[in-house]
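Coordinates in review
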Amino acid sequence: MDAGKEYQAQLMGQCAAGNHDYTKKYGVCGIITAIVCFPCGLICLFSDVEKRCVRCGVKAA
Ligand SMILES: [Zn+2]
């Protein structure tokens, strides 16, 4: 097995074990609302945030 494939398999193994690498992603609607309805819109921004794994793309519960 070459190094690249082995590394990828290791990362996917972590995902399979439930150790996902989550990243926060703000929704477009939330950002627009935050700008138009500043500062009240910031509440929309934080409620529209989505957490996704950078490796396999699974959504956080
Ligand atoms: Zn994952």
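Residues numbered from 1 in each chain as written. Predicted model: local features only at pLDDT ≥ 70, side-chain atom pairs only at ≥ 80, totals over all residues. Heavy atoms only, no water.

Here the zinc ion is held by Cys15 (SG), His20 (ND1), Cys53 (SG) and Cys56 (SG), and the distances to it run 2.0 to 2.4 Å. One can describe the site at the zinc ion as tetrahedral: its four donor atoms subtend angles covering 106 to 116 degrees at the metal. Spacing between the donor residues of the zinc ion along their common chain follows C-x4-H-x32-C-x2-C. Separated by 36 residues along the polypeptide, His20 in the loop between α1 (3-16) and β1 (22-26) and Cys56 in the segment after β2 (49-53) bring together distant segments of the chain. Judged by relative accessible area, which is 24%, His20 ranks as partly exposed. (Donors = N, O, S within 2.8 Å, 3.2 Å for Na, K, Ca; no water. Tetrahedral: all angles 85-135°; square planar, octahedral: opposite > 155°, others 65-115°. Helix = DSSP H or I, 4+ residues; strand = E, 2+ residues; numbered from the N terminus. Buried < 20%, exposed > 50% of the residue type's maximum accessible area, 1.4 Å probe, protein only.)

The share of residues in the protein with pLDDT of 70 or more is 98%, and the mean pLDDT across the chain is 91. Mean pLDDT across the elements of the protein ranges from a minimum in helix α3 (residues 42-47), with 88, to a maximum in α1, with 94. (pLDDT = per-residue confidence, 0-100.)

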